[in-house]
Each structure stands twice: as structure tokens, then as C-alpha cells.
Amino acid sequence: MEPTPKHQREPPALTEAAAEFLSLIGPEELERCLFAETLEMVAAGDQPRDRAGGQWWVAARWAPYERAGELVRSCLLVQAGSCSRQDGVPCSSALKAYVTPQLETLEQEEQERLELRAHPTERRTHMVSHQHGMTVTTTLQEGEAELQCRSFSYSRAELRGLLSEGASLLLLRVLACQRAVPPGLIFPAIDTEGHLCTSSYRALGIQRQAVGSAEAEVFVIERAVHTGAGVSTVWHSSFLPSGRLARRVQVGCPMLVLLQDESVLGETGGVEPQPLFPKQPLDWEEDIQLWSWFLDRKEELQASHAAYIQQHPELRALLADFLQALLLQQPHDPVSFAAQFFTPFAHQQPPGTPFTSAGAASPLPSPLPHHSPANGE
């Protein structure tokens, strides 16, 4: 692995508009973004009715994030992927990201694969946050050539407001549901090479576009990633009022993503109605008030139990006799033994037996005649 490069240039800054927008994203906005969708991939010149060349999908949901030596955290799991053919060559991509409700990335794994017959190529980008910042590792495998691996480290100051690919998918859904994009929305990002760059968002307005054989009104958002080398990659994403994607085009790419399922046109919220008070993860040991209640209740029960034992000194003798008999005889069925042992102490024996195994032969001598045996005979 190559040594970690030292970055001397000034890191991309988070704009005030972007920072303010992130602070205003609440649980209600995120809940509307938690759904799965699948779209078709077709050649850019084809009509929607033509046969698709593949599929593109994305899903978001709540999920636990666990890392060795740390507490389990509840976060948003964003997964996406595609599978298609370009010029007859199979290609695929996959994304898995754990994102906090503040759209901070805890960990992300991205993979792209091109199945060239004599020269298959696979690129992976893995990023993981830690107390000092974030480490980004990129690997490139081209055919049988030696694996190329590079690692980059960034401080927390450089990553303030960083928006990864997984977090960007969530942000686009939030913007789509609001049907508005604030001006000056620019975030730091990381490109496929592992370098810091910027991503910008702006509204292209409301348009009419085809969805299957129907037509729908969509809100179009432009997302652009600008690298330090001056190269920009631009996407135009069209969203329905529900926040679902209707079309996604990468400028200059021969493939585009289209929604063919007309049944989603009637949706207004994008997700099933959520309860007014959704269940929230509860870490009661970290909550001062709940921990105080627990200690108070614990002391209350201990005092109650101690008082009861003090009021009934016969309990110690009764339990001592039972344990002594149990250890001396060591029966195969302790439950049956206990039922038979305590039967003589019952003033009124109810019909039947409270233990299914109490019908077995008693390990003790039969009780006195005026007591009913445990097996009811």
C-alpha cells in the first residue's frame, strides 16, 4: 500500500447555506426518505417502451451500526446498486453506507466493476470515520496486474459538512420532498480517487416527463461533483412529489435511469404513514433520569424483600431443609421432588397438579393420610 499522501491545499469549505440546511433536517424529513425503489436502465437514445439494458436500485432504512469497542448506534443504512450492459460489456456497481441523522458518514463501501472479457476491472473505495477524522482507502484491480491500493487520511476540520455518496442520495430525497433547493448549496465530498472535492446542488425547475405510458410532473435537481483537477461530473435527477425518482441522467453517459412503474404515480408521501410517535432507540443506562429511577426502584425492592424475610423467619429454615433434602437425595426430577416435598405444607391442595412432571413416583415417603398426594391418586 502506498503511503498516505499529504494534502497541502486548502480543503473545500462548507457554505453557510449548506450548513444551515443540514441543521434543519429533522426526523420527519428523514422518515419520508426511507423506502426502496427500482428503475430501469436504458440507452440514452431509446424510448421508455424499449427493452431496458439493466436495473438501478436504491433503498434506505434505519439500522444498527456496530463497531468493536464502541456502543451500537442507530443510524440510516443506504444501499444502492446497478447492473447493466454498455456496448455489450457487463458492468455493475454497489454502494453501502451508514449515515447518521445529521447526514454524517460513519462508514461507506463503494464498488464498480467492468466485465471486460480479457481485462476485467474492479475499483473499490472504502471510507471509515474515527475520532481523529476519516480514512479513505481505494483499490484498483485491472486484469491480472498487481493490485493498486492507496490510503488517505483527513482530519475532522477538513471533513466538516462532508457529504458522501450515500448521504447525497438521502439529501436528494429530502430536497425532492420539499420541492425546493436553497441557493448556494455546496458541500465537501470525496471523489472516486479518494481526494477531497466539492458537490453542488441546484434546482432546474418543474417539468413534464414520461413515466411508462403516462406523463407526470417532476422536480429536477442538478448535482455536480467538481474535482481539484477542474473536471466536473453532472447528474440531472427528476423526482415525483412523493420523493421517488422518475429519471436520472449523467451528462455525457450513454445510459440513463427511468421509472417504468406507473403504479407509484398515485403516491403522495413516498412511504407508508408512520405513527405519530415512532419508536426511538432507548439507551436507558445513558439517560440520567431513567438511571436514577432504576436505582430508586432497585433500593425499594431490596428493602421490601429484606423486610419480608425479617417478618417470616421460618423461610430460612424451610428453604434450608428443602436444599438439604435435595442435595442428599439428588433426584433426577427436581421439579417433581419439590412438588412432593412442599405438599404436606399446603392446607388446601387444589385438584390436579401445578407441575406436569409431578405425576412421577415420589422420591419421599408418602405424606400423612389427611393430606392429598400431589398426583391426585
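Fair warning: this is a prediction, and the values are worked out from it, not measured in the lab.

Conventions used here
- Residues numbered from 1 in each chain as written.
- Predicted model: local features only at pLDDT ≥ 70, side-chain atom pairs only at ≥ 80, totals over all residues.
- Heavy atoms only, no water.
- 1 Å grid on protein atoms, 1.4 Å probe; cavity = no way out; pocket = protein on both sides within 12 Å on 5 of 7 lines; lining within 4 Å.
- Points joined across faces, edges and corners; volume = space filled by probe spheres on them.
- Helix = DSSP H or I, 4+ residues; strand = E, 2+ residues; numbered from the N terminus.
- Nonpolar A, V, L, I, M, F, W, Y, C, P; charged D, E, K, R; others polar.
- Core = buried A, V, L, I, M, F, W, Y, C linked by side-chain atoms within 4.5 Å.
- Buried < 20%, exposed > 50% of the residue type's maximum accessible area, 1.4 Å probe, protein only.
- Contact = heavy atoms within 4.5 Å.
- Expected span 1.5 Å × (residues − 1).
- Patch = residues over 30% accessible without salt bridge, like charges linked within 9 Å, V, L, I, M, F, W, Y side chains within 5 Å.
- Areas by Shrake-Rupley, 256 points an atom, 1.4 Å probe, with all protein chains shown as cover.
- Salt bridge = Lys/Arg side-chain N within 4 Å of Asp/Glu carboxyl O.

Asks: I tried to follow empty space enclosed by the protein on my own but got confused; where do I start?
Replies: One water molecule sets the probe size; rolling that probe over the atoms shows where empty space is left. Overall, the coordinates contain two cavities of 30 Å³ or more when judged by the stated rule. Forming the boundary of the largest cavity are E37, W56, V58, L169, L172, R173, S237, F239, L245 and R248. Counting residues per element, the lining of the largest cavity draws most heavily on helix α3 (residues 165-178), at three residues. Class assignment for the residues of the lining of the largest cavity results in six nonpolar, one polar and three charged. The space that makes up the second largest cavity amounts to roughly 40 Å³. Lining the second largest cavity, in full, are E110, Q111, E112, R123, T125 and T192. In terms of residues, the lining of the second largest cavity owes the most to one element, strand β5 (residues 105-114), which gives three residues.

Asks: Help me understand the nonpolar core, please; the structure alone is not making it clear to me.
Replies: Side chains that are nonpolar tend, in soluble globular proteins, to be buried together. Of all hydrophobic cores here, the largest spans 47 residues; its most connected members are L103, L171, F187 and Y201. The element that contributes the greatest number of residues to this core is α3, accounting for eight residues. Residues contacting F187, with those up to four places away along its chain left out, are L14, A18, L22, G161, L163, L171, C197, T198, S199 and Y201. Counting nine residues, the second-largest nonpolar core is a separate cluster that includes V136, Y154, L162 and L196.

Asks: For this particular structure, what's the right way to read α3?
Replies: Each α-helix winds once per 3.6 residues, and so residues spaced three or four apart point in a common direction. With 14 residues, α3 extends 20 Å from end C-alpha to end C-alpha; this agrees with the ideal 20 Å at 1.5 Å per step. Along α3, 13 of the 14 residues are buried, which leaves the element largely enclosed by surrounding structure.

Asks: Can you walk me through a nonpolar patch on the surface in this structure?
Replies: On the surface, a nonpolar cluster with roughly 240 Å² of combined accessible area is contributed by W291, F294 and L295. Residue placement: F294 occurs in helix α4 (residues 288-311).

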